[in-house]
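What follows is each chain in one-letter form.
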Amino acid sequence: SVSSSMSAPSFWLSDELALEMRLELERFTGGDASVDAAQPVANTAAVAEVVTTPQTPQMETAATRALDDAGVAFARHPVSYDDLQKGESLTQAYARQAGGTISATIKSMVFNTGGTAPILVLMTGEMQCDPKKIAKVVNVANKKVRATSAEKATEHTGYEFGGTSAIGTKQELRCIAHVGLQGEERVWINGGSRALVVSLLRTDLEKVVKGGVEYHDLAK
């Protein structure tokens with residue numbers, strides 16, 4: 001229903017319309033939607049613009065700034081969660097969209113190991129990491145190695161979940177990578193946003209990751 005006053009018109013959304021608008025907002029803002037059916041929306045034109053206008057991919061991030069500051073040559077590749085073909089994993093979809101190969105496309109993950117700070121784990125796109133091997137590398141019991149929560153990952157890296165990159169992290173974290181990446185001349189890695197992948201020389205990646213990159217056999 002619609003209610004209005006002569007001084008400041010406001011509009012209350014039906015439950016169905018509010019839900020539809022929330023879903024659209026989440027799609028275009030990466031989950032940061034704030035439409036509530038119980039709250040008045042004073043500027044419906046502004047809401048309509050957010051709902052109907054696709055979000056411009058974030059091309060400038062902490063990762064790209066770190067690369068620029070280091071003088072590293074790299075390329076930006078906009079990617080989309082929505083462009084997922086049948087049978088593809090998200091990593092495969094991003095590799096295709098960015099023009100890379102699955103073996104050279106890096107998954108950036110954050111793991112707890114029982115210490116005060118988590119660690120970064122870089123894995124080639126076609127493989128799964130083995131927590132037992134991670135535990136051996138960091139010299140802790142197997143049960144202490146587990147994926148970090150989205151909130152904790154963001155707290156330490158500065159990146160939203162789904163946009164984690166090993167480049168330009170908020171804190172310096174120990175970074176271990178699967179040894180197979182050493183065979184790649186050029187790599188593709190998340191650029192610090194859910195909508196951005198960057199590609200660069202592997203040797204340049206090693207230079208810009210805070211604390212450097214260690215290589216170990218981490219695959220299952």
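So, how was this worked out
Sequence order as written defines residue numbering, which begins from 1 separately in each chain. Reporting of local features is limited, given that this is a predicted model, to residues whose pLDDT is at least 70; pairs of side-chain atoms are given and counted only at 80 or more, and all residues count toward the totals for whole chains, interfaces and linings. Working from all heavy atoms in the structure, the side-chain values ignore hydrogens and water. Note on terminology: a nonpolar core comprises buried Ala, Val, Leu, Ile, Met, Phe, Trp, Tyr and Cys residues joined through side-chain atoms within 4.5 Å. Buried means the residue's accessible area, taken with a 1.4 Å probe over protein chains only, is under 20% of the maximum for its type, while exposed means over 50%, and partly exposed covers the values in between. Numbering of helices and strands starts at the N terminus; helices are DSSP runs of H or I of at least 4 residues and strands are runs of E of at least 2. In what follows, residue pairs with any heavy atoms lying within 4.5 Å of each other are defined as contacts. Known as pLDDT, the predictor's per-residue confidence is scaled from 0 to 100. Counted as salt bridges are all cases of a side-chain nitrogen of Lys or Arg within 4 Å of a carboxyl oxygen of Asp or Glu. Exposure above 30% relative accessible area and no salt bridge define the residues that can form patches, which grow by joining like charges within 9 Å and nonpolar side chains of Val, Leu, Ile, Met, Phe, Trp and Tyr within 5 Å. We get accessible surface area from the Shrake-Rupley algorithm with a probe of 1.4 Å; when it comes to residues, only the shown protein chains can shield them. Working definition: the arc comes from the directions between the helix axis and the C-beta atoms, pointing outward to the latter.

Remarks on the nonpolar core
Looking at soluble globular proteins, one finds that nonpolar side chains tend to be buried together.
In step 1: Counting residues in hydrophobic clusters, the biggest one holds 26 residues, and the most contacted among them are Leu-67, Ile-167, Ile-189, Val-198, Leu-200 and Leu-205.
In step 2: Listing elements by their share of this core, those giving two or more residues are helix H3 (62–70), strand E4 (106–112), strand E5 (119–124), strand E7 (175–178), strand E8 (186–193), strand E9 (196–201) and helix H7 (202–208).
In step 3: It is E9 that provides the largest number of residues to this core, a total of 3 residues.
In step 4: With sequence-adjacent residues up to four places away left out, Leu-200 is seen in contact with Leu-67, Val-72, Ala-73, Phe-74, Glu-185, Arg-186, Val-187, Ile-189 and Leu-205.
In step 5: One finds Phe-111, Val-121, Ile-134 and Val-145 within the second-largest nonpolar core, a separate group that totals 12 residues.

Thoughts on the confidence of the model for the protein chain
In step 1: Model confidence for the protein chain is summarised by a mean pLDDT of 80, while 74% of its residues fall at 70 or above.
In step 2: The low-confidence segment residues 1–55, where pLDDT is below 50, has 54 contacts with residues more than four positions distant or belonging to other chains.

Notes on the pattern of salt bridges
A side chain of one charge can pair with a side chain of the opposite charge if their charged atoms are brought near each other.
In step 1: As enumerated under the stated definition, the model contains 10 salt bridges in all.
In step 2: One salt bridge connects Arg-96 with Glu-88, and the closest N-O pair in it is separated by 2.8 Å.
In step 3: For Arg-96, a relative accessible area of 30% gives the class partly exposed.
In step 4: Residue classification places Glu-88 among the buried positions, given a relative accessible area of 18%.
In step 5: Measuring nitrogen to oxygen at the nearest pair gives 2.8 Å for the salt bridge that ties Glu-214 to Arg-174. Residue Glu-214 is located in strand E10 (residues 214–216), and its partner Arg-174 is located in the loop between helix H6 (150–157) and E7; the two are separated by 40 residues in the primary sequence.
In step 6: Overall, Glu-214 belongs to the partly exposed group, its relative accessible area being 28%.

Structural notes on the side chain of Thr-113
In step 1: Take Thr-113: it is sitting in the loop between E4 and E5.
In step 2: In this structure Thr-113 touches Ile-119, Val-138, Val-140, Lys-144 and Val-145, once residues within four positions along its chain are discounted.

A few points about a nonpolar patch on the surface
In step 1: Residues Tyr-81, Leu-84 and Leu-90 make up a contiguous nonpolar surface patch of roughly 260 Å² in combined accessible area.
In step 2: As for its position among the elements, Leu-84 is in the loop between strand E3 (75–78) and helix H4 (90–98).
In step 3: Leu-84 sits in the partly exposed class, given a relative accessible area of 43%.

Structural notes on the environment of Ile-102
In step 1: Among the secondary structure elements, Ile-102 is positioned in the loop between H4 and E4.
In step 2: Distance from Ile-102 to Val-187, taken between C-alpha atoms, is 9.6 Å for residues 85 residues apart in sequence.
In step 3: Non-local contacts of Ile-102, meaning those with residues more than four positions away in its chain, are made with Thr-91, Gln-92, Ala-95, Thr-124, Gly-125 and Glu-126.

Comments concerning H6
In step 1: Among all positions of H6, only Ala-153, His-156 and Thr-157 are buried. Viewed end-on, H6 has its buried residues packed into an arc of 85 degrees, placing them on one side of the element.
In step 2: Where the residues of H6 are buried, they touch E4.
In step 3: One or two residues past the end of H6 sits Gly-158, with phi positive at roughly 85 degrees.

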